[in-house]
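Spelled out, the chains give:
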There are 2 protein chains.
Amino acid sequence: MSEKAQHLSKLFAPGSIAVIGASQNPGKVGYAIVKNLLESGYPGKIYPVNPREKKILGLKCFQSVKDIPPSGKNGESVDLAVIAIPAARVLEAARECAHSNIGFLIVVSAGFKEVGSEGFELEKELAAFCRQKNIRLLGPNCVGLIHTHTPVNASFARGFPQKGHISFISQSGAMLVSIIDWSEIAGLGFSHFVSMGNKADLHETDFLEYAGGDPSTKVILYYLEDIVDGQKFLEKARFISAVKPIIVLKAGASPAGARAVTSHTGALAGSDDAYNAAFRQSGVLRVDNMEELFDMAFAFVNQPLPKGNRIAIVTNSGGPAILTTDQLEKAGLQMARFSPETSKELRSYLPPEASIYNPVDVLGDATAERYKFALEKVLQDSEVDGVITLLCPTATTDTTHIARAVLEVRKQYHQKPLLGVFMGGKEIQEGQALLKEAGIPCYLFPERAVAAMDGMIKYYKNATEIRQKIALQKSDPRKWEPDKTEELYDTAPVKAAFYDALRERRLVLLGHEGARVLSAFNIPAAPSRLAREPREATRIAEEIGFPIVLKIASPKILHKSDIGGVVTGLANTSEVEKHFKEIMLRAQRVTPDASFYGIEVQKMMPPGMEVIIGSSYDVQFGHLLVFGLGGIYVNLFEDVSLRLAQNLEEADIEEMIRETKAYHLLRGFRGSSPLDVPSLKEAILNAARLVTIFPEIREMDINPLLVYEKGVCAVDVKITLSHIFMNDTHPISEHEELLAGQFAERRI
Amino acid sequence: MSEKAQHLSKLFAPGSIAVIGASQNPGKVGYAIVKNLLESGYPGKIYPVNPREKKILGLKCFQSVKDIPPSGKNGESVDLAVIAIPAARVLEAARECAHSNIGFLIVVSAGFKEVGSEGFELEKELAAFCRQKNIRLLGPNCVGLIHTHTPVNASFARGFPQKGHISFISQSGAMLVSIIDWSEIAGLGFSHFVSMGNKADLHETDFLEYAGGDPSTKVILYYLEDIVDGQKFLEKARFISAVKPIIVLKAGASPAGARAVTSHTGALAGSDDAYNAAFRQSGVLRVDNMEELFDMAFAFVNQPLPKGNRIAIVTNSGGPAILTTDQLEKAGLQMARFSPETSKELRSYLPPEASIYNPVDVLGDATAERYKFALEKVLQDSEVDGVITLLCPTATTDTTHIARAVLEVRKQYHQKPLLGVFMGGKEIQEGQALLKEAGIPCYLFPERAVAAMDGMIKYYKNATEIRQKIALQKSDPRKWEPDKTEELYDTAPVKAAFYDALRERRLVLLGHEGARVLSAFNIPAAPSRLAREPREATRIAEEIGFPIVLKIASPKILHKSDIGGVVTGLANTSEVEKHFKEIMLRAQRVTPDASFYGIEVQKMMPPGMEVIIGSSYDVQFGHLLVFGLGGIYVNLFEDVSLRLAQNLEEADIEEMIRETKAYHLLRGFRGSSPLDVPSLKEAILNAARLVTIFPEIREMDINPLLVYEKGVCAVDVKITLSHIFMNDTHPISEHEELLAGQFAERRI
């Protein structure tokens with residue numbers, strides 16, 4: 001556990017708490033907090049603070065935190081202050097807390113960032129003050145927190161959840177309050193509830209570290225609207241998810257349309273895709289809605305993880321079993337095929353009309369004993385990874401007895417997940433409650449059990465893969481470190497190309513510059529050089545060899561073909577000369593104001609399969625890498641996969657390729673030969689490193705990259721540099737520093 | 001209402017009921033049925049029948065149905081007999097019922113088709129007997145039926161549902177029982193429950209007709225595993241769904257892999273796709289799971305339909321509103337943009353921190369009045385089609401008051417759907433119950449309200465379109481009728497081609513035969529003729545003009561290119577002659593046992609956009625038509641849309657094309673010119689009629705059909721005839737009848 005995480009444990013188990021703004025008035029938040037602290041059975045000292053009161057809910061009330069006497073054997077100061085006074089006076093209260101050496105503040109008061117610029121300034125000031133005084137701050141504009149194991153309820157939410165092992169960390173206070181209220185009727189136990197409010201200081205990554213190391217937390221749930229430091233969050237998540245499930249409901253898909261998108265990759269990689277890629281790579285399970293979040297949480301917290309995806313169904317009726325089968329198949333899970341012994345034993349015991357194959361139908365008149373026998377047999381079968389048991393209350397069904405039988409089986413066979421689906425109302429309520437109390441999730445409809453099972457399987461697979469990757473990474477001699485860059489790549493041509501662009505105040509590299517950058521990073525590119533006049537073009541053409549393609553070189557012309565700026569298949573010098581002149585004439589006529597840099601003379605490559613490798617920068621997570629089917633179909637079919645470029649590894653690249661339909665073409669589609677996937681993987685890896693080493697690349701499109709039976713070749717590349725990056729991180733006033741050579745040196 | 005439907009109304013409101021197999025033993029089904037009849041308040045006469053009892057539950061028991069005296073003024077016989085005796089004795093009981101002139105039987109007894117071949121025979125016999133005696137039969141192996149308005153509970157399910165306007169017709173008895181039990185705690189009212197059991201006689205289409213015309217039914221729900229007569233069901237559904245929603249949960253996606261698939265279209269059109277196409281064309285809403293089925297039912301039964309997809313949200317908290325917005329956008333619905341007046345009025349009344357744009361945030365401390373004001377304003381706004389109101393129980397929320405306010409608003413503004421989402425547990429239960437009682441669906445989580453709203457919008461759109469289509473159809477002078485076939489098409493070449501194939505005992509047409517079939521149905525095809533030797537080939541080539549493609553003609557060689565059986569771009573007679581000989585040599589060497597018919601000489605068409613038009617026969621619904629991107633990508637991207645060929649209309653074809661990504665290419669993608677969509681539509685229409693007029697076409701692939709800026713042209717066509725069809729429907733012993741010319745005449 002890191003120092004900070006240890007530190008946070010005091011926030012959740014403080015020795016004493018001051019409530020600034022405590023109130024006698026039951027309508028006030030300051031009353032609710034004191035009441036909640038008392039009712040939660042909080043074992044520490046509670047100090048209400050209010051200059052106008054003597055006593056609140058039977059507790060002595062203090063004029064100010066300064067008046068609270070030191071407590072404990074060693075005269076410790078108060079650990080935590082909960083502040084519930086108008087926003088304008090919060091900073092003053094924080095000052096008094098600092099003076100009294102209080103290490104944690106929870107500011108529930110609203111009126112900060114969420115109300116506009118004035119509140120924003122107040123919040124900034126408050127956060128800066130806390131930082132300066134080394135005080136950790138939760139909120140402002142939050143509901144507070146709950147830890148059921150301390151126990152402590154330092155919030156103004158009604159009710160106190162049942163003790164359990166789920167930590168729910170929410171960016172929405174209202175949602176938290178709703179879930180606390182709901183948790184009781186849902187029969188879900190929690191260890192922590194945290195309302196993060198405006199996240200002026202403490203945010204999701206802090207609580208991730210804490211919950212990751214906290215023994216009372218078995219599952220970490222988030223409701224998030226944004227992530228403060230995406231890369232940090234993922235880095236932590238990757239290690240924690242290897243041992244503890246992290247399930248995130250992320251709201252607020254940001255509108256891709258609002259961003260300036262100048263490349264294919266940019267259009268393909270909306271910000272929500274960045275979240276998906278990020279979560280996936282770090283083993284975080286993303287869910288789509290509230291119901292899924294809690295259905296999964298309940299399964300995760302109580303059930304062993306399935307080691308595979310072969311699921312058995314035991315049912316007393318056909319219809320629900322068919323529905324469950326459908327949904328298992330839709331989720332990509334498998335219906336287990338029992339070993340012959342299992343079928344034989346089922347046959348010997350069950351009535352002749354019972355189905356002894358999967359789904360096992362123990363029939364409408366099934367007794368508890370019949371359920372028990374069938375469940376035991378399928379749980380024993382090594383061909384089964386998980387079991388869903390279904391029940392409909394027929395005329396003869398004794399649901400309560402059957403529920404007890406399920407519990408008995410569970411006790412004996414606890415290595416595999418066992419989920420219940422009891423469909424009905426009053427008839428099944430007692431049985432359902434029995435299962436839930438014993439930690440067996442019991443859903444009303446099959447689809448929810450299937451979703452939970454699917455989530456568990458996905459998590460197990462992800463966590464296993466991530467553990468393997470982490471282990472592999474530690475021992476990999478080929479592992480790349482930023483300081484190995486110079487061994488692997490010749491960065492000078494890259495810097496030189498960027499330098500040329502900057503000097504000409506361009507953010508877009510010309511094609512031949514892009515080709516040079518790729519070559520420097522070991523990505524083969526079609527030879528290409530810039531010619532300013534016909535003679536130069538023919539000379540270059542002779543050097544690189546025919547056939548030749550001519551392309552107008554102007555970063556301002558987006559669709560070169562449309563204005564006749566591209567001519568392909570030139571077989572000799574006279575054709576090159578002739579077309580060079582014609583392109584020049586056409587271009588000048590069509591767009592007289594566009595800036596020309598000349599014409600690129602490129603070697604024409606033989607046809608190959610067209611793929612795209614692209615990258616775009618995401619403010620939250622850094623560079624995304626895109627791979628998929630290239631050419632003109634790229635935006636039509638969006639047959640692409642995405643990952644974060646940072647730390648992209650071979651295993652990730654393998655997955656990326658397999659996720660696309662392009663993969664089928666690569667391995668030889670309808671009789672054609674398989675293509676050179678190893679070279680393609682190498683190219684993707686090198687592209688990832690290129691944007692990681694040069695984060696000033698805002699967007700990059702290699703489209704198409706031609707894949708051959710042997711080798712690959714980039715034919716068209718567009719690299720756009722980041723204006724912001726250049727100016728902010730490395731302020732450059734005009735070209736001074738650049739010219740002084742600092743730019744060329746700064747990265748490595 | 002048809003005669004049969006009128007007839008069925010007696011099944012649901014019988015004047016008297018006999019229970020054959022009635023029992024005194026509370027563990028028996030025959031006891032449960034009598035008890036249910038009594039407890040349901042059934043107003044008619046109940047006659048328990050059991051030779052071993054005198055009285056059952058206070059009712060006089062009869063030895064046999066024969067002993068039941070005629071009742072009523074006119075001495076009517078019993079209307080309905082419910083039979084609950086062992087399967088082996090059911091037929092005998094049915095005989096007695098026939099003798100006593102009983103018109104309806106419900107056979108709850110199991111032991112029929114579901115237990116194997118012996119039971120299957122029993123069932124066939126029973127069904128045949130009933131048919132002969134003009135008795136309608138529900139079951140066997142069913143739970144029975146309920147009509148809450150009669151009221152009558154002629155089932156052995158526990159409990160009696162609340163009266164309402166949902167009819168639930170289920171192929172699974174257990175599921176029905178579960179839902180009856182659940183309906184009480186869910187607060188859902190029903191008019192009918194029907195358990196169809198083995199569907200030996202009465203099936204989904206019978207109940208569709210009945211429920212469609214039944215005034216107590218507002219929404220028709222189905223749980224189905226198969227459909228007995230797909231085409232009939234759809235025909236009825238199309239007219240009923242125009243006025244009453246039909247929602248289907250269809251289980252048991254049949255494995256496409258199990259069918260013999262010899263064409264692209266066959267692979268694309270799994271049986272489940274046939275259901276999707278069928279349901280869509282007939283306005284049936286298909287849902288994926290139980291939860292959706294009932295969430296929608298509750299919305300449909302009580303709420304007015306949204307006239308558009310612009311949804312407003314009124315909330316007291318931000319988080320859930322963001323989630324709802326996400327989910328609305330994911331479903332393709334729109335966030336309403338309020339008129340300036342609405343925003344102005346909201347601004348004037350709501351606190352300054354409140355958000356007056358959509359979602360309207362009335363803040364955490366919102367009173368009932370604030371909710372009421374905001375809801376009134378957004379419901380009044382003509383830019384809003386539907387409203388979802390969200391509530392989280394904050395410290396100051398008076399949920400019950402707010403629920404009452406919502407009800408008041410609803411009373412006044414009842415033209416638009418209004419759905420509630422109250423998130424929480426105890427705190428919201430009273431408010432939630434108030435809304436539900438008043439018919440306002442109140443969900444626990446936002447996703448479910450969004451799914452219900454989406455369902456209503458889809459239904460409204462579908463129903464409107466179908467009404468328009470029906471009206472259009474009635475008045476369309478161009479409307480096609482089977483007897484117009486000869487006016488429009490020259491069917492002789494089609495029959496001739498089929499005849500040739502049959503004579504040679506082939507089921508697959510050769511390419512040039514296929515081309516002839518298409519041409520006869522006004523689908524342009526590249527000229528193609530069969531040559532048996534080189535001279536013939538050169539002569540044909542000269543006649544149809546160069547360039548020429550040669551293709552080996554053998555229905556047994558699936559991938560002609562792989563064995564070098566296709567040569568393109570032949571420019572003159574000597575090339576044709578040379579390659580003709582080479583292909584012959586290659587083919588004979590590679591596959592000496594394949595049967596050759598010669599080589600097809602086809603005119604080589606200029607390149608165009610490649611699409612596929614295909615058709616495959618589905619046992620349930622007849623011919624499916626497939627349209628999509630053609631060429632080699634067809635199975636990779638599966639960019640296709642499906643419809644039933646029967647009665648396919650222009651509006652359907654327009655939709656079909658728009659559903660595909662190929663559409664973007666057709667209308668001119670990235671600077672290319674738009675292609676001839678009208679000609680394409682015509683080709684699709686003609687293909688649909690071809691397979692409708694000639695149902696003996698089992699599968700047809702026109703791939704590719706080239707689409708040009710002007711015109712279309714089929715380049716490759718594969719037509720497979722149905723063996724079964726030829727033999728079963730029109731038994732042909734060898735070629736006798738064929739040769740007698742009957743085959744050529746029988747269709748028209």
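Calculation rules
Every chain's residues receive numbers from 1 upward, in the order its sequence appears when written. To read the labels, note that chains go from A and ligands from 1, taken in the order they are written. The predicted origin of the model limits local features to residues at a pLDDT of at least 70 and limits the giving and counting of side-chain atom pairs to 80 or more, whereas totals for whole chains, interfaces and linings rest on all residues. Numbered from the N terminus, helices here are DSSP runs of H or I no shorter than four residues, and strands are runs of E no shorter than two. Contact definition: two residues whose C-beta atoms, as placed from backbone geometry, lie within 7 Å. Whether a residue is buried, exposed or partly exposed is read from the other C-beta atoms within 10 Å of its own C-beta, which are placed from the backbone; 20 or more gives buried, 12 or fewer gives exposed, and intermediate counts give partly exposed. At least two bridges found by DSSP between two strands are what make those strands a pair. A crossover counts as right-handed when, viewed with the strands pointing away from the observer, the path leading from the first strand over the helix to the second turns clockwise. To obtain an axis, a line is fitted to C-alpha atoms, over the contacting stretch when the element is a helix, and the angle between two such axes runs from 0 to 180 degrees between their N-to-C directions. Copies overlap after least-squares fitting; the atoms used are the C-alpha atoms of residues with pLDDT of at least 70 in both. Angular relationships are summarised with four words: roughly parallel below 35 degrees, roughly antiparallel beyond 145, roughly perpendicular across 65 to 115, and oblique for the angles in between. By definition, any crossing whose near helix is turned counterclockwise from its far helix by less than a right angle is left-handed, and any crossing with a clockwise turn is right-handed. Only Asp, Glu, Lys and Arg are considered charged, only Ala, Val, Leu, Ile, Met, Phe, Trp, Tyr, Cys and Pro nonpolar, and every remaining residue, Gly among them, polar. Nonpolar cores are built from buried Ala, Val, Leu, Ile, Met, Phe, Trp, Tyr and Cys residues. These are joined into a set through C-beta atoms within 7 Å. Here the expected span of a helix is defined as 1.5 Å times the quantity of residues minus one. Along the arc lie the directions from the helix axis toward the C-beta atoms.

K.L.:
Can you walk me through the overall build of chain A in this structure?
P.N.:
Helix and strand content of chain A: 28 helices and 30 strands. Projecting the C-alpha coordinates of chain A onto the three principal axes gives extents of approximately 95 × 80 × 45 Å. Contacts in chain A between residues far apart in sequence, at least 24 positions, make up 71% of those at least 6 positions apart.

K.L.:
Sorry if this is basic, but what is going on with the pairing of strand 15 (residues 310–315) of chain A here?
P.N.:
Residues in a regular strand point their side chains to alternate faces of the sheet. Residues and elements named next belong to chain A. Most of strand 15 sits inside the fold, with six of its six residues counted as buried. Residues Arg310, Ala312 and Val314 of strand 15 are buried on one face, and the alternating residues Ile311, Ile313 and Thr315, pointing to the opposite face, are buried as well. Taken together, the two bridges between strand 15 and strand 16 (residues 334–335) define a ladder with parallel strand orientation. Considered in strand 16, the bridge of arginine 310 is made with glutamine 334. Handedness of the β-α-β unit built from strand 15, helix 11 (residues 318–330) and strand 16 comes out right-handed.

K.L.:
What is the right way to look at the sheet that holds strand 12 (residues 219–224) of chain A in this model?
P.N.:
Residue and element names in this part refer to chain A. The strand order across the open sheet built from seven strands is 9-8-11-10-12-13-14, with neighbouring strands paired in mixed fashion. Edge positions in the sheet fall to strand 9 (152–155) and strand 14 (285–287), since each has one partner strand and no second. In this sheet, neighbouring strand axes are inclined to one another by 25 degrees on average, regardless of whether the strands run parallel or antiparallel. When strand 13 (residues 246–250) meets strand 14, the two strands line up parallel, connected through three bridges. Note on strand 14: the bridge partner recorded for leucine 249 is valine 287. Each of strand 10 (162–170), strand 11 (189–195) and strand 12 is contacted by helix 6 (residues 204–213), which is oriented at about 170 degrees to strand 12, the strand it contacts most.

K.L.:
How should the relation of the copies chain B and chain A be read in this particular structure?
P.N.:
Aligned on chain A, chain B shows an RMSD of 0.1 Å; the corresponding rotation is 180 degrees and the shift along the axis is 0.0 Å. Expressed as an axis order, the relation between the two copies is that of a two-fold axis. Across chain B, the smallest distance between a C-alpha and the rotation axis is recorded for phenylalanine 637 of chain B, namely 4.0 Å. Taken as a fraction of all interface residues of chain B, those also at the interface in chain A reach 100%, which identifies the copy contact as same-surface.

K.L.:
For this particular structure, what's the right way to read the sheet that holds strand 2 (residues 45–49) of chain A?
P.N.:
Two strands in a sheet stick together by hydrogen bonds in their backbones, pointing the same way (parallel) or opposite ways (antiparallel). Residues and elements named next belong to chain A. Spatial strand order, 2-1-5-6-7: five strands in an open sheet with parallel pairing. Both outer strands of the open sheet, strand 2 and strand 7 (136–138), are each paired with one neighbouring strand and no more. The average undirected angle you get between the axes of adjacent strands in this sheet is 20 degrees. In this structure, strand 5 (residues 80–83) lies alongside strand 6 (residues 104–107), joined through four bridges in parallel fashion. From the neighbouring strand, leucine 80 faces strand 6, where its bridge partner is phenylalanine 104.

K.L.:
It is not clear to me how the packing of helix 6 of chain A against helix 7 (residues 230–241) of chain A should be interpreted in this structure. Could you clarify?
P.N.:
The angle between the axes and the distance between the axes are what describe a pair of packed helices. All names here are of chain A. Viewed as axis vectors pointing N to C, helix 6 and helix 7 meet at an angle of 15 degrees, and their least axial separation amounts to 9 Å. Here helix 7 runs roughly parallel to helix 6, going by the angle between their axes. When you trace helix 6 past helix 7, the crossing you get is left-handed. Facing Glu204, Thr205, Leu208, Glu209 and Gly212 of helix 6, the residues of helix 7 in contact are Lys232, Phe233, Lys236, Ala237 and Ile240. Its residues placed into classes, the contact of helix 6 with helix 7 shows four nonpolar, two polar and four charged.

K.L.:
Teacher, can you tell me more about the nonpolar core here?
P.N.:
Nonpolar side chains in soluble globular proteins tend to end up buried together. The biggest cluster of nonpolar side chains holds 486 residues, and the ones touching the most others in it are Val82, Ile83 and Leu105 of chain A together with Val82, Ile83 and Leu105 of chain B. Residues in contact with isoleucine 83 of chain A, not counting those within four places in the same chain, are Ile20, Gly21, Val90, Ala93, Leu105, Ile106, Val107, Val108 and Ser109 of chain A.

K.L.:
Can you help me understand unusual backbone geometry in this one?
P.N.:
Backbone geometry follows two general trends: most residues other than glycine have a negative phi, and most peptide bonds adopt the trans configuration. Going from asparagine 703 of chain A to proline 704 of chain A, the amide bond is cis rather than trans, its omega being 0 degrees. If you trace the backbone, proline 704 of chain A turns up in strand 28 (residues 697–707). Here the amide bond leading from threonine 150 of chain B into proline 151 of chain B is cis, since omega sits at -20 degrees, within 30 degrees of zero. Mapped onto the elements, proline 151 of chain B comes out in the loop between strand 8 (144–147) and strand 9 (152–155). One non-glycine residue, asparagine 522 of chain A, lies in the positive phi region at around 60 degrees. Positionally, asparagine 522 of chain A belongs in the loop between helix 19 (511–520) and strand 21 (528–531). Judged by local crowding, asparagine 522 of chain A falls into the partly exposed class, with 15 C-beta atoms found within 10 Å. Phi at asparagine 134 of chain B takes a positive value of approximately 60 degrees, unusual for a residue other than glycine. If you trace the backbone, asparagine 134 of chain B turns up in the loop between helix 4 (117–133) and strand 7 (136–138).

K.L.:
Would you take a moment to explain helix 4 of chain B for this structure?
P.N.:
Since the α-helix turns once every 3.6 residues, residues separated by three or four places project in the same direction. Residues and elements named next belong to chain B. In this model helix 4 runs 24 Å from its N-terminal to its C-terminal C-alpha over 17 residues, within 8% of the 24 Å that 1.5 Å per residue would give. Buried residues of helix 4: Gly119, Leu122, Glu123, Leu126, Ala127 and Cys130, and no others. In an axial view of helix 4, the angular spread of the buried residues amounts to 130 degrees, which keeps them on one side of the axis. Opposite the buried face of helix 4, by more than 90 degrees, sit the exposed residues Ser117, Glu118, Glu121 and Gln132. At its buried positions, helix 4 is contacted by helix 3 (90–99), strand 6 (104–107) and strand 7. Just beyond helix 4, the residue with positive phi is asparagine 134, at close to 60 degrees.

K.L.:
So what exactly am I meant to see when it comes to the interface of chain B and chain A here?
P.N.:
Interface extent is often summarised as the accessible area lost during association of the parts. At the junction of the two partners, chain B supplies 54 residues and chain A supplies 54 residues. Those elements that provide at least two residues to the side of chain B that touches chain A are helix 2 (29–39), helix 5 (173–186), helix 10 (290–302), helix 11 (318–330), helix 15 (426–437) and helix 22 (634–637) of chain B. It is helix 5 of chain B that contributes the most residues to the side of chain B that touches chain A, nine residues altogether. Looking at side-chain class alone, the side of chain B that touches chain A contains 25 nonpolar, 16 polar and 13 charged residues.

K.L.:
Just to check I follow, could you spell out the environment of alanine 403 of chain A for this structure?
P.N.:
Residue and element names in this part refer to chain A. Following the sequence through the fold, alanine 403 ends up in helix 14 (residues 399–412). Taking C-alpha positions, alanine 403 is 42 Å from alanine 471, a pair spaced 68 residues apart along the chain. If we skip the residues at most four places from it in the chain, alanine 403 touches Gly431, Leu434 and Leu435.

K.L.:
Teacher, can you tell me more about the packing of helix 3 of chain B against helix 4 of chain B here?
P.N.:
All names here are of chain B. Viewed as axis vectors pointing N to C, helix 3 and helix 4 meet at an angle of 5 degrees, and their least axial separation amounts to 10 Å. Viewed along their axes, helix 3 and helix 4 adopt a mutual orientation that is roughly parallel. Contacts from Val90, Leu91, Ala94 and Ala98 of helix 3 reach helix 4 at Glu125, Leu126, Phe129, Cys130 and Lys133. Tallied by class, the residues present in the contact of helix 3 with helix 4 amount to seven nonpolar, no polar and two charged.

K.L.:
So what exactly am I meant to see when it comes to the environment of glutamate 430 of chain B here?
P.N.:
All names here are of chain B. By secondary structure assignment, the location of glutamate 430 is in helix 15. In this structure glutamate 430 comes out as partly exposed when scored by C-beta crowding, with 13 C-beta atoms within 10 Å. For the pair glutamate 430 and leucine 363, spaced 67 residues apart in sequence, the C-alpha to C-alpha distance is 21 Å. With sequence-adjacent residues up to four places away left out, glutamate 430 is seen in contact with Thr399 and Thr400.

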